[in-house]
Amino acid sequence: MHPREGWSADGTRRGLSRRSFLKQSAGAGLLMGGLGTLLEACGTSTTTTGGAGSGTKAIALPRPNNPVTWPIFTGNHSIASGMKPERDATLQIYNWVAYVNPQTLKDFGKKFGCKVQVTTFNTMSEAMSKLRSGQVNFDVFMGVTVDQMGALVEGKLIQPLNHTYLPNISQAWPDFTNPFYDGKWQYTVPYTIYTTGIAWRKDHVNEDPYKMSNPWAMPWQSKYKGKVAILDDYREGVSLGLMKNGMFNLNTTTAAQITKSQQSLQNLLQLTNAHIDNNDYSNVPSGQIWIHHAWSGDMAGAPYYLPKGVSPKVLGYWFPPDGKGPVGNDTLTVLAGAKNPVLAHMFLNYLLDVPNALTNISFNGYMQPLTAITPQRLVKEGLLAPNLTSTAVLPSYFRRGVMELQLPAAADTLWQQAWLTVSKGI
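Residues numbered from 1 in each chain as written. Predicted model: local features only at pLDDT ≥ 70, side-chain atom pairs only at ≥ 80, totals over all residues. Heavy atoms only, no water.

**Some words on the overall build of the protein**
The cut-off we apply is this: Strands here mean DSSP runs of E at least two residues long; helices mean DSSP runs of H or I at least four residues long; both are numbered from the N terminus. For every residue, the accessible area (1.4 Å probe, protein chains only) is compared with the maximum for its type, and the residue is labelled buried under 20%, exposed over 50%, or partly exposed between those bounds. Per-residue accessibility takes into account occlusion by the displayed protein chains alone, with areas from the Shrake-Rupley method and a 1.4 Å probe.
Counting secondary structure elements, the protein contains 13 helices and 11 strands. Across the 426 residues in the protein, those meeting the buried criterion constitute 59%. Accessible area for the protein stands at about 16400 Å²; split by element, carbon and sulfur atoms hold 50% of it.

Okay, here's the thing in structure tokens:
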């Protein structure tokens, strides 16, 4: 699942921008102190898909130790170099709900003399189904998760990029000019990056995960019964159970390991009556939940949801300082049927420029992997509370972290069955 999955259609989760809120909070004396301490691939390497009306075929499963450079198919080449952006056009964007700043879109439209229209989806499955149907026509597909690369490329749903239109890739972490899931960045540029960790209320929880021998076990404490929550997502949930047991292959195909995780999660529910939800961003600051399995971008924005007069210092977010934890990133792509492909390339390039990225982060909270965007920069720009710099993602996290990637179909079924047993289908 994705951190934006399940949001309401109006996307009203964020009102006041994070920059405005943190500056006001600082003025009220709520943000005190200096910058805080900064904080395996498996089994078969292919899966099968019916893809876009063609027969069932094997598709490679990219892994850090099994990188994939996708083919470029006849009839689906990149656009020619040297063309001017389409004028008086309407750039059509397909994106998650509330995953791009409306001001960013407005500024882009003004710069390039165009209109920008966004159509949203709530799940990646929904988005892929509509794209495969051929009944929708967009230029840019935003927030694309890396597990969909094979289906998108082999289904000829996205087009190869022309790098001459994308000079701002030089501002991105160098990892993204040859990511394991898209060798030579033929089809993607990076969008957001995030981690999964543990959020807690420091004023209610005595333990400090940075001092615990196994912080992934922090939720398993009966004394916090009714005040514990885990993310409502089969990959994140089962992964938490694995890591609690010291297993960090988050793409395991081993039934015994998946069962062990399931049993641990069932034990967690018995111990704590744990909630299963994706409301980490609001329930921790409100005090409804004291320990929450959480996404970094959500907790970066959590101070906005604190009751009036409560300092952001009560919020904590733990991610392993050595980077050995769940890391995910989304990508930006140009669709094969784009009517405005040059403008689409310009939009991708626009989002890779640091000032524009900062404007975007001020709305959606999710960091973009650009070299100049550091935890210190985010604090200086008023986009991040000093005590929540652990929510910022470092390049070393991407290199050392563990990723929840596409699974072979049979293994995916085991993961989903385990989660259904734990969550009882909720």
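**Considering the pattern of salt bridges**
The cut-off we apply is this: Criterion for a salt bridge: a side-chain nitrogen of Lys or Arg within 4 Å of a carboxyl oxygen of Asp or Glu.
Tallying each qualifying case throughout the model produces 5 salt bridges. The partner of lysine 223 in a salt bridge is glutamate 207, and the shortest N-O contact between them spans 2.6 Å. With a gap of 16 residues between them, lysine 223 in the loop between β6 (189–201) and β7 (228–230) and glutamate 207 in the loop between β6 and β7 connect regions that are remote in the sequence. Of the residues examined, lysine 223 reaches a relative accessible area of 52% and is grouped as exposed. Judged by relative accessible area, which is 19%, glutamate 207 ranks as buried. For glutamate 381, the salt bridge goes to arginine 377, with nearest N and O atoms at 3.0 Å. The exposure class assigned to arginine 377 is partly exposed, which follows from its relative accessible area of 27%.

**Some remarks on the packing of aromatic side chains**
Here is the rule we go by: When two rings of Phe, Tyr or Trp (its six-membered ring) have centres within 6.5 Å they constitute a pair, described as stacked for plane angles under 30 degrees, edge-to-face for angles over 60, and tilted for the intermediate range.
Scanning the entire structure with this criterion turns up 19 aromatic pairs. Both rings, one in tryptophan 96 and one in phenylalanine 121, keep their centres 4.9 Å apart while their planes meet at 55°; by these two values the pair is tilted. Taken together, the residues tryptophan 96 in strand β3 (residues 90–96) and phenylalanine 121 in strand β4 (residues 115–121) connect sequence positions 25 residues apart. Look at tryptophan 96 and you get buried, because its relative accessible area is 1%. With a relative accessible area of 0%, phenylalanine 121 lands in the buried category. When the centroid spacing of 4.7 Å and the interplanar angle of 75° are considered together, the rings of tryptophan 216 and tryptophan 318 count as edge-to-face.

**Brief notes about the nonpolar core**
What tends to happen in soluble globular proteins is that the nonpolar side chains get buried as a cluster. For clarity, the cut-off: Each nonpolar core is a collection of buried residues, namely Ala, Val, Leu, Ile, Met, Phe, Trp, Tyr and Cys, held together in the definition by side-chain atoms within 4.5 Å.
In terms of nonpolar packing, the biggest core is built from 97 residues, with Phe141 and Phe347 touching the most fellow members. When residues in this core are grouped by element, the largest group, 8 residues, is from helix α9 (residues 341–351). By size, the runner-up hydrophobic cluster in this structure holds 31 residues, among which are Val205, Val228, Ile230 and Ala274.

**Considerations on empty space enclosed by the protein**
Inclusion rule: With a 1 Å grid laid over protein atoms only, a set of points is called a cavity when a 1.4 Å probe fits there but cannot get out and a pocket when it is open yet has protein on both sides within 12 Å along at least five of seven lines; lining residues have an atom within 4 Å of a point. Grid points are joined across faces, edges and corners, and a volume is the space filled by probe spheres set on the points.
Its boundaries defined by the atoms lining it, the largest cavity holds a volume of some 100 Å³. Considering the residues around the largest cavity, the lining is formed by 15 residues, among which Ala300, Gly365, Met367, Leu378 and Thr391 are closest to the centre. With 3 residues, the top contributor of residues to the lining of the largest cavity is helix α8 (residues 296–300).

**Observations regarding unusual backbone geometry**
Residues other than glycine seldom take positive phi values, yet alanine 98 does so here, at roughly 55°. Summarising the element assignment, alanine 98 is placed in the loop between β3 and α2 (102–112). For alanine 98, a relative accessible area of 14% gives the class buried.

**A few points about the pairing of β6**
Here is the rule: In short, DSSP must find at least two bridges between two strands for them to pair.
Burial of β6 is extensive: 13 of the 13 residues sit out of reach of the surface. Here 5 bridges tie β6 to strand β11 (residues 327–334), and the two strands are oriented antiparallel to one another. The residue of β11 that forms the bridge with tyrosine 194 is glycine 328. Both β6 and strand β9 (residues 291–295) contribute to a ladder of 5 bridges, which runs antiparallel. Looking across to β9, one finds that glycine 197 is bridged to alanine 294.

**Overview of the confidence of the model for the protein**
Heads up, the condition is: pLDDT expresses how confident the predictor is about each individual residue, on a scale running from 0 to 100. Any two residues whose heavy atoms approach within 4.5 Å at even a single point are treated as in contact.
Overall, the predicted model of the protein reaches an average pLDDT of 89, with 86% of residues at or above 70. Low pLDDT (under 50) marks residues 10–44, which in the prediction has 86 contacts with non-local residues, meaning those over four places away or in another chain.

**Structural notes on the environment of isoleucine 59**
Here isoleucine 59 shows up in strand β2 (residues 57–60). The exposure class of isoleucine 59 is buried, given its relative accessible area of 4%. Along the chain, isoleucine 59 and proline 408 lie 349 residues apart, while their C-alpha atoms are 9.9 Å from each other.

**Overview of the environment of lysine 156**
Within the element layout of this structure, lysine 156 appears in the loop between α4 (149–154) and β6. The class of lysine 156 is partly exposed, set by a relative accessible area of 40%. Note: C-alpha distance between lysine 156 and leucine 335 (179 residues apart in sequence) is 8.7 Å. The contact partners of lysine 156, leaving out residues within four places of it in the chain, are Phe73, Asn76 and Ala336.

**Some details on the packing of helix α6 (residues 255–272) against helix α13 (residues 409–423)**
Here is the rule: Axes here refer to lines fitted to C-alpha atoms; in helices the fit is confined to the stretch in contact. Angles between the N-to-C directions go from 0 to 180 degrees. With respect to orientation, any angle under 35 degrees is reported as roughly parallel, any angle over 145 as roughly antiparallel, any angle of 65 to 115 as roughly perpendicular, and every other angle as oblique. By convention the crossing between two helices is left-handed if the near helix lies anticlockwise of the far one by an angle smaller than a right angle, and right-handed if it lies clockwise.
Closest axis-to-axis distance for the α6/α13 pair is 9 Å, and the angle between their directions is 15°. With respect to α13, the axis of α6 lies roughly parallel. The handedness of the crossing between α6 and α13 is right-handed. On α13, the residues touching Ala255, Ile258, Gln262, Leu265, Gln266 and Leu269 of α6 are Leu414, Trp415, Ala418, Trp419, Thr421 and Val422.

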